[in-house]
Amino acid sequence: PPMSPAFVHLHLHSEYSLSDGLIRLKPLVQRAAEADMPAIAVTDLCNFFGMVKFYRYALAAGVKPIVGMEVEVQPSAAEEGASRLVLLAQNRDGYRSLARLSSRAYRDGWLRGRACVERDWIVDCADGVIALSGGAQGDIGLSLLAGREDIACEQLDYWRRAFDERFYLEVTRTGRAQEDRYLSCTVEIAAASDVPIVATNDVRFLDRSDFDAHEARVCIQEGYVLADPKRPRRYSDQQYLRTA
């Protein structure tokens, strides 16, 4: 019989991300094993708090654990706000690189009460690390959505120089605002620059029905009331652990 297509989630926040994410690690690994996923990544926001637990649970369940983190990047002069980048440890050197980067963020990189990193810190810690562009929240995505393709190409060149063949443009389909526009722009820039694309689901919870609980968590973290019509709505109910 034909094999079902394998899919590995490479962008996922657990409950250890603190600002968002509801996923508990043991149920996550069990769900990945039940869905015949060969591997899964946990990319919590600038920390490895859940890494040891995740690693143990995954090995016990026969799922390959991929260690990574998402970082918030301080804006450059050409940018209006912080952007996101997803970093995955390729090997032991990569894990050490990311541990150094996280430590430096908590020591030197605070921006509006959150641990952030600077671009050159990432370049200094690129050994053994695979990078995903961060999708519509990455610097390239933000530039594309702002109609600044020239800036997006410069940013793409910067990250390609830093990561060589280990940089990927990240795309999602989760029903969020401007996602389709971002997707078509990214496909164009990927084809023109010969940079590969990776699909993620930017996962924040295990089941679709967890969305309301996740919204409540984000409101608690950011000081909003759920019913506030002015609160930012950055998530959708499609950011669950989808099957392949």
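Look up a bit, the structure's there.
From a predicted model like this one, the values you see are computed outputs, not experimental measurements.

(A) Summary view of the sheet that holds strand E1 (residues 39-45). Taken in spatial order, the 6 strands make up an open sheet running E1-E2-E3-E6-E7-E8, and their pairing is mixed. With partners counted over all chains shown, the strands left at the sheet margins are E1 and strand E8 (197-199), one partner each. Neighbour-to-neighbour, the strand axes of this sheet turn through a mean angle of 35°, independent of strand direction. Of the strands in this sheet, E1 and strand E2 (64-73) touch helix H2 (residues 51-61), which is tilted by about 150° from E2.

(B) Focus on unusual backbone geometry. Within the chain, Leu18 stands out as a residue other than glycine whose phi angle is a positive 70°. Here Leu18 is to be found in the segment before helix H1 (25-34). Of note, Asp194 is a non-glycine position whose phi angle comes to about 60°, a positive value. As for its position among the elements, Asp194 is in the loop between helix H7 (179-193) and E8.

(C) Summary view of the packing of H1 against H2. Direction vectors running N to C along H1 and H2 enclose 30°, while the axes themselves pass 9 Å from each other. It follows that H1 is roughly parallel to H2 by the angle criterion. Seen along the crossing, H1 lies across H2 with a hand that is right-handed. Contacts between H1 and H2 involve Leu25, Lys26, Val29 and Ala33 on the former and, on the latter, Lys53, Phe54, Tyr57, Ala58 and Ala61. Partitioning the contact of H1 with H2 into residue classes produces 7 nonpolar, no polar and 2 charged.

(D) Just the pairing of E2, in detail. Taking burial as the measure, the 10 residues of E2 include 9 buried ones, the bulk of the element. Alignment of E1 against E2, held across 7 bridges, turns out to be parallel. Bridging from a neighbouring strand, Ile40 pairs with Pro65 of E2. Note that the unit made of E1, H2 and E2 has a crossover that is right-handed. By the bridge criterion, 6 bridges tie E2 to strand E3 (residues 83-89) in an arrangement that is antiparallel. Bridge pairing in E3 places Val71 opposite Leu85.

Cut-off values and rules
Residues numbered from 1 in each chain as written. Predicted model: local features only at pLDDT ≥ 70, side-chain atom pairs only at ≥ 80, totals over all residues. Heavy atoms only, no water. Pairing = 2+ DSSP bridges. Helix = DSSP H or I, 4+ residues; strand = E, 2+ residues; numbered from the N terminus. Axes fitted to C-alpha atoms, helices over the stretch in contact; angles between N-to-C directions. Contact = heavy atoms within 4.5 Å. Parallel < 35°, antiparallel > 145°, perpendicular 65-115°, else oblique. Left-handed = near helix turned anticlockwise from the far one by under 90°. Nonpolar A, V, L, I, M, F, W, Y, C, P; charged D, E, K, R; others polar. Buried < 20%, exposed > 50% of the residue type's maximum accessible area, 1.4 Å probe, protein only. Right-handed = clockwise from strand over helix to strand, strands pointing away.

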